[in-house]
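Here's the letter readout for the chains.
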Amino acid sequence: MGALAHRKIPSRYVFFLLVFLMYVISYGDRAALSIALPALGKEFTLTPVEMGWVSSSFLWSYFLLNLPSTIVLDIVGARIVGSVAVALWSCAMLLGGMVQNISQFLMTRVLLGVGEAPTFGVGATVVRNWALPKERGSVMTVLLTGMQLGLAGGTIAGAYLIALFGWRFEFIALGLIGLIWAAAWWLIYRNPTEGAHRHRRTPISIREVRALFRSPSFCGILVVQCTQNYLNFLVMSWMPLYLIHELHIDVTGSGTNTALCYLSAAVGAVILGRISEQIVFRNSLHPPRRRFIVAACLTGAASIGLLPHFHTMAPILLVLSISLCCLIAANGANTALLTDLVEDGRKIGAVTGVTLTFSNSLGLLAPIVTGYIVSYTGRFDAAWYMCSAALIVAGLLSIITVRRSITMHTQDEA
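Nothing here was measured: the structure is a model prediction, and the numbers come from that model. (Residues numbered from 1 in each chain as written. Predicted model: local features only at pLDDT ≥ 70, side-chain atom pairs only at ≥ 80, totals over all residues. Heavy atoms only, no water.)

**Description of the overall build of the protein chain**
Of the regular secondary structure elements, the protein chain holds 15 helices and 0 strands. Its C-alpha radius of gyration of 20 Å places the protein chain within 12% of the 22 Å reference for a compact globule of 414 residues. Overall, the protein chain is about 60 × 40 × 40 Å in size when its C-alpha atoms are taken along their principal axes. Within the protein chain, the fraction of its 414 residues that count as buried is 58%. (Helix = DSSP H or I, 4+ residues; strand = E, 2+ residues; numbered from the N terminus. Rg over C-alpha atoms; globule rule 2.2 N^0.38 Å. Buried < 20%, exposed > 50% of the residue type's maximum accessible area, 1.4 Å probe, protein only.)

Next comes the structure, spelled out in structure tokens:
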């Protein structure tokens, strides 16, 4: 028994590393479209509005399946769901590099969304199962920096792959990387109950979902998730084109500068998240205090509203980096709040799925709304102002509402 316990200590760090790499691959695949959009738009003769719809297409199935896929996750475990999900979306990437028209391409993006639907549920489940309560915020923030590393790597690698071989090769190469990860996850990861007595797992019920929305804490966390997701998807979809539009640079220059923003934001977020936890929990571990980290970081992310006042490279990249850094740290703290406050940890995957269903329904509008803004105004200014105001409001609501544990017990059960 002691030997088994000894082996579990390093194992969890391997699991965290694999989750980190899953986020890297997931967001690298998402970045593939944003950097390929100029070439793809030219090949298929797309307008800015049409490009906005194409950018959001994977979210159509993604947000619809967030809850169903995480219900399955809670029942069968992260090992099976993680392997199948990543293999599925990687196949979608491979097919995306082989399409002949925009209709076929849209179908591959919808398939991509199907595969990516349980991604964050898998990550939240692994953190809940394997991270110590006092370190969940830091672990989650570090894992979420994989998103930025994926966006950075996918953007810069994609830019050069497109310049050398074309956008189709970029999609195929990234798809192959995902298939390798899926095989590794199946071989390495083990659910914590494997080899022990298994508890009967029941899916989340409609009554339990309704009970979630009677919790002020859950509603506050959900509002934050919605607003940060909107900005996240806006930046992910449009930042390369924004830099090309604003700074008049080519696709490789845009890819390099976009990657620089993502990388600096990721490093800053890890430092900011760690320092924030040490300050907030310096006297005692009281999970609801994380809301102050969330609010402070959202205020920093609201600096995105300063972008319309700058028109040269250095200040634009600085504002983007600071805003993204704070956004990642806020996301990590907010996700840790959810994993800490949900009383029934066995259903954390489904609870995460509920939050993602609602937040992604708003997030999928970001590329579309921004496409219309750019089409009618010729600028991105209104998009940045909207996000800035929403982030500040969300931070205030988090402070006011997120105070108690999140229970899914109905009145009858109580």
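**Quick notes on the domain arrangement of the protein chain**
Accessible area lost upon the coming together of the parts serves often as the stated size of an interface. Along its sequence, the protein chain is organised into domain 1 (11–191) and domain 2 (204–408). Placing the centre of domain 1 and that of domain 2 at their C-alpha centroids yields a distance of 18 Å. Interface area for domain 1 against domain 2, summed over the two sides, is near 4,500 Å², with a carbon-plus-sulfur share of 72%. Looking only at domain 1, the three residues that lose the most surface to domain 2 are F63, R128 and Q148, adding up to 14% of its buried area. Summed over the shared surface of domain 1 and domain 2, the number is 0 salt bridges. For the pair domain 1 and domain 2, the number of links is 2 residue pairs in polar contact (both at pLDDT 80 or more). Looking at the side of domain 1 that touches domain 2, the elements that each hand over two or more residues are α1 (2–44), α2 (48–76), α5 (119–130) and α6 (136–165). Sort the elements by how many residues they give to the side of domain 1 that touches domain 2 and α6 lands first, with 18 residues. Along the lines of polarity and charge, the residues of the side of domain 1 that touches domain 2 split into 29 nonpolar, 14 polar and 5 charged. (Domains from an automatic or database assignment. Buried area = accessible area lost by both parts, 1.4 Å probe. Salt bridge = Lys/Arg side-chain N within 4 Å of Asp/Glu carboxyl O. Polar contact = N/O pair within 3.5 Å; in protein donor to acceptor, adjacent residues only side chain to side chain. Nonpolar A, V, L, I, M, F, W, Y, C, P; charged D, E, K, R; others polar.)

**Observations regarding the pattern of salt bridges**
Following the criterion strictly, the structure yields 5 salt bridges and no others. Across the salt bridge formed by E43 and R168, the nearest N and O atoms sit 2.7 Å from each other. Placement of E43 in helix α1 and of R168 in helix α7 (residues 167–188) is noted, with a sequence separation of 125 residues between them. Accessibility expressed as a relative area gives 22% for R168, which makes it partly exposed. A salt bridge links D340 to R290; its shortest N-O distance comes to 2.9 Å. Taken together, the residues D340 in helix α12 (residues 313–341) and R290 in helix α11 (residues 290–301) connect sequence positions 50 residues apart. The exposure class assigned to D340 is buried, which follows from its relative accessible area of 15%. Through salt bridges with shared partners, one network takes in E246, R379 and D381.

**Notes on the side chain of S359**
By the secondary structure assignment, S359 is in helix α13 (residues 348–363). Under the relative-accessibility criterion, S359 is labelled buried at 0%. Within polar-contact distance, the side chain of S359 engages the side chain of N229 at 3.3 Å. If sequence neighbours within four positions are ignored, S359 has contacts with L222, Q225, C226 and N229. (Contact = heavy atoms within 4.5 Å.)

**Notes on the packing of aromatic side chains**
Overall, the coordinates contain 20 aromatic pairs when judged by the stated rule. For the ring pair Y372 and Y376, a centre distance of 6.3 Å and an interplane angle of 10° mean the geometry is stacked. With Y372 and Y376 both in helix α14 (residues 365–377) and 4 residues apart, this pair spans about one turn of that helix. According to the relative accessible area criterion, Y372 is partly exposed, its value standing at 33%. (Phe/Tyr/Trp six-rings, centres within 6.5 Å; stacked < 30°, edge-to-face > 60°.)

**Some details on the packing of helix α3 (residues 78–96) against α7**
One way to put it is that α3 packs onto α7 with a least axis distance of 7 Å and a crossing angle of 165°. Taken as axis vectors, α3 and α7 run roughly antiparallel relative to one another. Pair α3 / α7 crosses with left-handed handedness. For the pair formed by α3 and α7, the contact residues are A78, R79, I80, G82, S83, V86, A87, S90, C91, M93, L94 and G96 on the first element and W167, F171, I172, L174, G175, L176, G178, L179, W181, A182, W185 and W186 on the second. Partitioning the contact of α3 with α7 into residue classes produces 17 nonpolar, 6 polar and 1 charged. (Axes fitted to C-alpha atoms, helices over the stretch in contact; angles between N-to-C directions. Parallel < 35°, antiparallel > 145°, perpendicular 65-115°, else oblique. Left-handed = near helix turned anticlockwise from the far one by under 90°.)

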